[in-house]
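Chain residues, written in single-letter form:
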Amino acid sequence: MAAILSLPGGTRDASELVEALLVAAQAREDTAPELAARWRNLANSIGDSLDALPPPRQDT
């Protein structure tokens with residue numbers, strides 16, 4: 001399933017979300033390993049999608 005994520009800060013905001021999910025997953029690793037794995041999977045999916053975007057154009 002695909003989703004559209006609209007963020008005011010664009011890819012920078014999405015990168016921060018990825019980092020926050022990874023930090024949260026690490027914090028929950030001992031108390032909720034299933035949740036931590038889900039958050040890690042979400043972070044990886046978002047990161048892979050960001051990596052697949054074309055590089056920004058430099059308009060002159």
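Please refer to the structure higher up on the page.
Residues numbered from 1 in each chain as written. Predicted model: local features only at pLDDT ≥ 70, side-chain atom pairs only at ≥ 80, totals over all residues. Heavy atoms only, no water.

A. Structural detail: helix 1 (residues 11-28). For helix 1, which comprises 18 residues, the first-to-last C-alpha distance of 26 Å matches the rise-based estimate of 26 Å (1.5 Å per residue) to within 8%. Regarding helix 1, the residues found buried are Ala 14, Val 18, Leu 21 and Ala 25. One side of helix 1 holds all its buried residues, which, seen down the axis, span an arc of 65°. With respect to the buried face of helix 1, the exposed residues turned more than 90 degrees away are Arg 12, Glu 19, Val 23, Gln 26 and Ala 27. The inward-facing, buried residues of helix 1 abut helix 2 (33-52). (Helix = DSSP H or I, 4+ residues; strand = E, 2+ residues; numbered from the N terminus. Expected span 1.5 Å × (residues − 1). Buried < 20%, exposed > 50% of the residue type's maximum accessible area, 1.4 Å probe, protein only. Arc of directions from axis to C-beta. Contact = heavy atoms within 4.5 Å.)

B. Region of interest: the pattern of salt bridges. As enumerated under the stated definition, the model contains one salt bridge in all. Its salt-bridge partner being Glu 29, residue Arg 40 comes within 2.6 Å of it at the nearest N-O pair. Of this pair, Arg 40 sits in helix 2 while Glu 29 sits in the loop between helix 1 and helix 2; the two residues are 11 residues apart in sequence, bridging distant segments of the chain. (Salt bridge = Lys/Arg side-chain N within 4 Å of Asp/Glu carboxyl O.)

C. Quick peek at the environment of Ala 24. Among the secondary structure elements, Ala 24 is positioned in helix 1. Note: C-alpha distance between Ala 24 and Arg 12 (12 residues apart in sequence) is 18 Å.

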